[in-house]
Amino acid sequence: MPQATQAEAVPTETFLPYMRDVAKCEQSLQELNLMWRVIEASAKMNCPTEAKTILPTMAATRSGFSRLERELVNSLVEEKVRNVLAGIGTKAQYVIDIVVRNLFERTADVGFLATDRELCNFVAGGADSADAVDAARYRLREYRNKYTVYDEIILTDTEGNVLVQIDPATPLEHSTDPLIRQTLESDTYVETFRATDLRPAKDRALIYSRRMHHPQTGAVIGVLCLCFHFEEEMAGIFAAHRDPEARANMLLLDGDNRVISSADELWIPPGTVVPVNTGGQPRLMMFCGREYLVRTFASDGYQGYPGPVGWQGQVMVPVEVAFTGIASDVLSRLSPELAEGLLSHAHSFCPPLHDIMTAAKTIQRIVWNGQVMTAGQRGEMLKLKTILDQISETGNRSNELFAQSIHDLYQTVLSSSMRDAEFTTSLLVDLLDRNLYERSDDCRWWALTPELRAALAQPAIDEATTARLAEILAYINGLYTVYTRLFIYDRNGRIIASTGDDPGGVVGSSIDDATLAQGSSLRSPQHYHVSAFGPSDLYGGRDTYIYHAAVRALDNDAEVVGGIGIVFDAAPEFRNMLRAGLAGKEKMSAFYVSRNGRILSSTDDSRPVGGTLDIDLAMLQLANGQCSSGVTLHDGQYAIVACSASNGYREFKVSDGYKEDVISVVFQCFGAVNQGGLQSASSEFLLESGATSPEDLEYATFFSDNSLFALPAANVMEAVPFSSVLPTSMGNRPGQVGMIGLNRDDQHKEFIWVFDLGHLIRGTRSAVTSSSQVMIVRHGAHTIGLLVDELHAVPQFSPSQITHTPLAMQGDSMLISQVIKANGGKLLIQAIEVERLFAYVVDGIIALPPVQEADAANLAMPEERQLMAA
């Protein structure tokens with residue numbers, strides 16, 4: 001498949017008019033950007049002196065938001081376009097891959113049938129007899145009854161005279177088609193797709209032809225033509241894999257980009273030349289006055305067969321419907337923990353979102369710092385408080401819009417990924433059913449081999465006959481490499497001849513009684529039996545299917561004289577199907593499982609064949625032909641899981657009496673499971689506002705280890721991002737994490753130590769995230785930095801809300817001396833005593849008041865008392 005050397009950028013302005021949700025988001029972003037400009041201008045005019053410390057940060061943040069807003073819109077557009085192209089590209093590739101895989105089987109069929117001894121004898125000299133013609137027609141119809149993909153089979157002599165055909169609707173006597181001469185001159189098959197006098201009722205026909213040789217002399221004596229029922233096959237592919245809403249059209253194209261077959265011929269009829277997009281570039285293509293998104297794929301071939309020259313699969317979707325009605329509200333159906341966990345990986349598919357959330361934290365820090373700066377202030381500082389309130393309100397609106405945008409973007413990713421995963425599972429079971437359909441055909445047709453029927457009907461089989469039977473099986477097995485073993489057995493179940501590893505060890509053994517009974521009871525040459533998928537000595541103890549057909553006496557179809565068994569090479573064949581279906585998709589694994597979850601094949605080495613796949617039981621109970629998908633946890637990852645239940649192919653598993661459902665399952669991982677999402681912890685600890693009084697005390701509140709703490713606002717100078725911390729090897733105090741340089745004037749910078757509050761309280765290091773901040777705290781002549789998880793607010797509390805904590809209730813930390821009862825006592829905030837904090841980080845000990853020292857001595861164990869005395 002041709003690939004573009006460099007991916008084109010998505011032209012946002014081209015696609016934005018077709019995305020109403022993104023256009024609405026862009027309008028909201030523009031309104032917010034205007035609000036930021038108004039607030040900045042208001043701060044400069046009304047309180048330039050008071051706001052001078054926050055104006056530079058505010059201007060930089062507003063400018064950064066403007067850039068991020070543009071990037072967010074570009075990301076939303078790009079993700080939607082990319083997902084549509086990926087979705088239609090998957091279908092376009094599968095159209096051509098399914099066709100090529102099917103036609104590969106036809107090349108094998110024509111090669112094998114052209115060597116059929118009875119047919120070769122007929123062409124060599126028996127065509128003059130009416131009985132011989134009837135016998136040849138009967139044999140060809142028996143073949144057609146097994147391989148139902150053909151609608152006509154024709155035998156001609158070297159002059160193009162038709163010797164026999166099976167379609168009575170279009171009787172033929174002679175053909176002048178050049179394919180006759182071309183086939184006679186070729187030592188392999190000839191593939192023809194065009195109008196031909198061999199199929200006069202059709203505008204075009206797909207014919208596989210092969211020359212035939214005299215059984216004795218080897219001379220070329222005629223031509224076999226297998227006419228593939230192309231229209232029926234394409235209609236089945238389109239019906240199975242086209243989107244249910246018929247928004248897009250699926251096409252099969254030739255090398256001149258001309259439509260060979262169309263899912264909707266009224267929309268795009270065969271013979272039409274259409275634009276193609278083999279490189280997958282995000283551009284619109286004009287066709288008949290309408291713009292389309294298009295994806296085109298050529299085949300990479302299958303097992304050495306390249307497919308018809310130039311054929312391509314293509315899907316076209318009009319741009320006006322490409323982005324509407326395709327997203328479902330997946331996230332709302334998930335548990336809050338699962339949804340938040342998924343959203344925590346948003347940065348992995350849209351890097352600007354991470355920058356946006358970082359900028360949102362900057363806005364929060366501006367407001368928090370301004371509130372700290374104005375704590376306890378009156379007069380002109382109240383103007384700044386009004387500005388800060390506006391910043392806070394607009395920041396909240398920005399956060400809400402960004403959060404919704406992240407939600408919508410992830411919704412797009414999840415919805416499209418789930419649809420793609422479902423389609424992949426649908427293709428996987430289709431590949432399996434199509435492949436196994438051929439196996440059911442093979443065993444039934446080979447059971448009709450005259451030599452096998454005559455030999456097994458004998459009362460005793462001599463060594464020469466056994467050797468001849470082994471030669472026949474070896475010849476067939478050499479042409480059909482999907483089998484590791486072909487074997488025949490007599491009416492008692494004893495194996496007479498076999499191919500594969502250690503045939504001598506197999507010959508003379510017997511098949512099990514249950515299988516023999518099933519084979520012997522098959523009612524007609526149309527019926528077959530398949531063993532349950534499981535380990536077999538005939539497959540080296542590995543799991544597989546073995547197909548059986550009854551071998552009947554030549555002169556009496558009702559008399560079963562033995563049977564043939566063909567051992568499917570399940571391990572590599574199933575695995576190749578799974579890998580072909582995944583088509584190199586990253587972070588995706590695939591399985592075939594039974595109705596009870598037993599693994600038949602796997603691309604995941606940690607889940608081998610024979611094991612049980614851990615999957616929702618409801619998915620294992622899907623109706624035939626149905627798909628399902630969801631979000632789950634898989635190997636410590638958030639993952640999409642999708643599955644499809646097999647539905648058969650043509651008559652196989654549909655009307656032939658065979659029932660063996662297989663479920664295809666795929667997992668697509670999105671990221672490791674974690675405990676946090678995008679939701680800020682502060683949203684869970686909203687403070688209720690009430691009446692204030694001059695006696696109220698202001699505190700700076702913040703989070704550490706998922707708990708809410710407070711420090712007197714008068715002791716807090718500001719907060720800075722953790723990225724400002726400079727690591728250093730100096731210092732040996734517990735909890736030291738580095739240093740920060742503070743600009744105290746234009747010429748001097750003050751360096752202070754930064755301590756991890758979490759380590760000071762609980763003795764273990766805090767995890768640093770994008771929300772982590774460093775609070776600058778001053779007490780007397782000392783200044784330190786405190787690493788905290790997240791900033792919260794700068795609220796006021798009345799003295800009646802503040803309660804001293806008894807020493808026995810202070811737990812592992814002596815830093816907590818008070819508890820603040822907020823929201824009517826429903827929320828408790830732990831207040832850190834500044835004196836104790838600085839005594840610990842500066843002097844290494846906590847100085848307790850005399851009463852509390854006595855309490856501590858009484859509470860301490862004897863060893864602890866000795867340490868305190870020391």
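Here is what the cut-offs are and how they apply
- Residues numbered from 1 in each chain as written.
- Predicted model: local features only at pLDDT ≥ 70, side-chain atom pairs only at ≥ 80, totals over all residues.
- Heavy atoms only, no water.
- Axes fitted to C-alpha atoms, helices over the stretch in contact; angles between N-to-C directions.
- Helix = DSSP H or I, 4+ residues; strand = E, 2+ residues; numbered from the N terminus.
- Parallel < 35°, antiparallel > 145°, perpendicular 65-115°, else oblique.
- Left-handed = near helix turned anticlockwise from the far one by under 90°.
- Contact = heavy atoms within 4.5 Å.
- Nonpolar A, V, L, I, M, F, W, Y, C, P; charged D, E, K, R; others polar.
- Core = buried A, V, L, I, M, F, W, Y, C linked by side-chain atoms within 4.5 Å.
- Buried < 20%, exposed > 50% of the residue type's maximum accessible area, 1.4 Å probe, protein only.
- Pairing = 2+ DSSP bridges.
- pLDDT = per-residue confidence, 0-100.
- Arc of directions from axis to C-beta.
- Polar contact = N/O pair within 3.5 Å; in protein donor to acceptor, adjacent residues only side chain to side chain.
- Salt bridge = Lys/Arg side-chain N within 4 Å of Asp/Glu carboxyl O.
- Phe/Tyr/Trp six-rings, centres within 6.5 Å; stacked < 30°, edge-to-face > 60°.
- Lys NZ or Arg CZ within 6 Å of the ring centre and 35° of its normal.

A closer look at the packing of helix 4 (residues 117-126) against helix 5 (residues 130-146)
Direction vectors running N to C along helix 4 and helix 5 enclose 150°, while the axes themselves pass 10 Å from each other. Taken together, helix 4 and helix 5 sit at an angle that is classed as roughly antiparallel. In the packing of helix 4 onto helix 5, the handedness of the crossing is left-handed. The segment helix 4 lies against helix 5, with Glu118, Leu119, Phe122 and Gly126 engaging Ala132, Val133, Ala136, Arg139 and Leu140. Looking at the contact of helix 4 with helix 5 residue by residue, the classes come out as six nonpolar, one polar and two charged.

Some words on the nonpolar core
Nonpolar side chains in soluble globular proteins tend to be buried together. By size, the foremost hydrophobic cluster in this structure holds 144 residues, and its most contacted members are Phe15, Leu293, Trp446, Tyr545, Ile564 and Phe574. Take this core: its biggest share by element is 20 residues, from helix 3 (residues 55-113). Phe15 has contacts with Val10, Val77, Val81, Pro282, Arg283, Leu284, Leu293, Val319 and Phe323, leaving out every residue within four places of it along the chain. If you look at the next biggest cluster of nonpolar residues, it comprises 27 residues, including Phe702, Ala713, Ala719 and Leu760.

Considering the sheet that holds strand 22 (residues 663-672)
The sheet built from five strands is open, its strands ordered 19-18-22-21-20 with antiparallel pairing. The open sheet has two edge strands, strand 19 (599-602) and strand 20 (627-634), and neither has a second partner. Strand-to-strand, the axes of this sheet are offset by a mean angle of 25°, without reference to chain direction. Relative to strand 22, strand 18 (residues 588-593) is paired through six bridges, and the arrangement is antiparallel.

Let's talk about the sheet that holds strand 8 (residues 285-287)
Taken together, five strands build an open sheet; the order of strands is 7-6-10-9-8 and the sheet is antiparallel. A strand with exactly one partner marks an edge of an open sheet, and here the two such strands are strand 7 (259-262) and strand 8. Across this sheet, the average inter-strand angle for adjacent strands is 40°, counted without regard to direction. As defined by bridge partners, strand 6 (residues 249-253) adjoins strand 10 (residues 312-318) across five bridges and the pair is classed as antiparallel.

Observations concerning the confidence of the model for the protein
In the predicted model, the protein carries a mean pLDDT of 87, and the fraction of residues at 70 or more is 88%. Segment residues 1-6: pLDDT under 50, and 11 contacts once partners within four positions in sequence are set aside and those in other chains are kept. Every residue in residues 850-870 scores below 50 in pLDDT, and together they form 15 contacts with partners more than four places removed in sequence or on other chains.

Some details on helix 15 (residues 513-520)
Restricting attention to buried positions, one finds in helix 15 the residues Thr515, Leu516 and Gly519. Buried residues in helix 15, looked at end-on, bunch into an arc of 100°, giving them a common side. Looking at helix 15, the residues exposed on the side facing more than 90 degrees away from the buried face are Asp513 and Ala514. Looking at the buried side of helix 15, the elements it contacts are strand 11 (483-490), strand 13 (529-530) and strand 16 (546-553). Here helix 15 starts with a cap whose side-chain oxygen sits 3.2 Å from the backbone nitrogen of Ala514, and that cap is Asp512.

Structural notes on the pairing of strand 18
The buried count for strand 18 comes to six of six residues, which makes it a mostly enclosed element. Burial along strand 18 is two-sided: the face carrying Met588, Ala590 and Tyr592 and the face carrying Ser589, Phe591 and Val593 are both buried. Alignment of strand 18 against strand 19, held across three bridges, turns out to be antiparallel. Considered in strand 19, the bridge of Phe591 is made with Ser602. Hairpin connection from strand 18 to strand 19: five residues lie between these consecutive antiparallel strands, with Gly597 at a positive phi of about 90°.

Overview of unusual backbone geometry
Residues apart from glycine generally show negative phi values, whereas peptide bonds are mostly found in trans. Despite not being glycine, Asn257 shows a phi value in the positive range, around 60°. Classification of Asn257 by relative accessible area gives partly exposed; the value is 23%.

Some points on the environment of Asp696
Following the sequence through the fold, Asp696 ends up in the loop between strand 22 and strand 23 (697-704). Take Asp696: its relative accessible area is 14%, and that puts it in the buried class. Note: C-alpha distance between Asp696 and Pro799 (103 residues apart in sequence) is 6.5 Å.

Focus on the environment of Gly89
Mapping Gly89 onto the fold places it in helix 3. Among all residues touching Gly89, those that are not within four sequence positions of it are Arg295 and Phe297.

As for the pairing of strand 4 (residues 205-213)
When you tally the buried positions in strand 4, you get seven out of nine residues, the bulk of the element. When strand 3 (residues 190-194) meets strand 4, the two strands line up antiparallel, connected through five bridges. By the bridge assignment, Phe193 is partnered in strand 4 with Leu206. Of the strand pairs in this sheet, strand 4 and strand 5 (residues 220-228) are connected by eight bridges, and their pairing is antiparallel. Residue pairing across strands places Ile207 opposite Cys227, the latter belonging to strand 5. With antiparallel pairing between neighbouring strands as the criterion, strand 4 and strand 5 make up a hairpin whose turn holds six residues, including Gly218 at a positive phi of roughly 85°.

Things to note about the pattern of salt bridges
In a structure, side chains of opposite charge can pair up when their charged atoms sit close to one another. With the rule as written, the count across this model stands at 37 salt bridges. Ionic pairing is found between Asp167 and Arg199, a salt bridge with its closest N-O pair at 3.2 Å. Taken together, the positions of Asp167 in the loop between strand 2 (162-165) and helix 6 (178-184) and Arg199 in the loop between strand 3 and strand 4 put the pair 32 residues apart, joining distant regions of the chain. Residue classification places Asp167 among the buried residues on the basis of a relative accessible area of 17%. Here Arg836 ties to Glu833 by a salt bridge, and the two come within 3.6 Å at their closest N and O atoms.

A look at the packing of aromatic side chains
Considering all chains together, one arrives at 31 aromatic pairs under this definition. Geometry around Tyr539 places Arg542 over its ring, the cationic atom sitting 4.0 Å from the centre.

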